Amino acid sequence: IFVIMYFIMIRPQMRRQKEQQRLVSALKTGDRVVTSSGIHGLIANVKDSTVIVKVADNVKIEMDKAAVTNVVKEG
């Protein structure tokens, strides 16, 4: 039973965590992102543990890197 639970629950969760970690470490200025709260914006600056997301003209929000859930691919 433990082996089945490992392949059904634990292993996919570990994959998602590794993918999220790769996404966060690859963030760079100019990326279009979507945050966990649904905010769409453009990364204006990347710091050690935070990013500054430009939401609109003269509106910038500083967020934790972990809040970024998706990098939007244009094209």
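Residues numbered from 1 in each chain as written. Predicted model: local features only at pLDDT ≥ 70, side-chain atom pairs only at ≥ 80, totals over all residues. Heavy atoms only, no water.

A. Fine view of the overall build of the protein chain. A tally of regular secondary structure across the protein chain gives one helix and five strands. Scanning the protein chain from its N terminus toward the C terminus, one meets helices and strands in the order α-β-β-β-β-β. Each principal axis of the C-alpha distribution contributes one length, and for the protein chain these read about 55 × 30 × 20 Å. Relative to its 75 residues, the protein chain shows a buried fraction of 24%. The contacts of the protein chain with a sequence gap of at least 6 include a subset with a gap of at least 24, amounting to 36%. (Helix = DSSP H or I, 4+ residues; strand = E, 2+ residues; numbered from the N terminus. Buried < 20%, exposed > 50% of the residue type's maximum accessible area, 1.4 Å probe, protein only. Contact = heavy atoms within 4.5 Å.)

B. Local environment of the packing of aromatic side chains. In the structure shown here, the tally under the stated rule is one aromatic pair. Seen from their ring centres, Y6 and F7 are 5.3 Å apart, and the 80 degrees between their planes marks the pair as edge-to-face. By relative accessible area, F7 is classed as partly exposed at 48%. (Phe/Tyr/Trp six-rings, centres within 6.5 Å; stacked < 30°, edge-to-face > 60°.)

C. Seen up close, helix α1 (residues 2–25). For α1, with 24 residues, the first-to-last C-alpha span of 32 Å sits near the 34 Å given by 1.5 Å per residue. In α1, a bend of some 35 degrees at I10 exceeds every other bend along the element, and P12, a proline, comes one to four places later. (Expected span 1.5 Å × (residues − 1). Bend = angle between axes of the 7 residues up to and from the residue.)

D. Summary view of the nonpolar core. Membership of the largest hydrophobic core is limited to nine residues, which are L23, L27, V33, I43, V51, V53, M63, V68 and V71. Secondary structure elements with two or more residues in this core: β3 (50–56) and β5 (68–71). With near-sequence residues (within four places) excluded, V51 lies in contact with L27, N45, V46, I61, E62, M63, K65 and V68. (Core = buried A, V, L, I, M, F, W, Y, C linked by side-chain atoms within 4.5 Å.)

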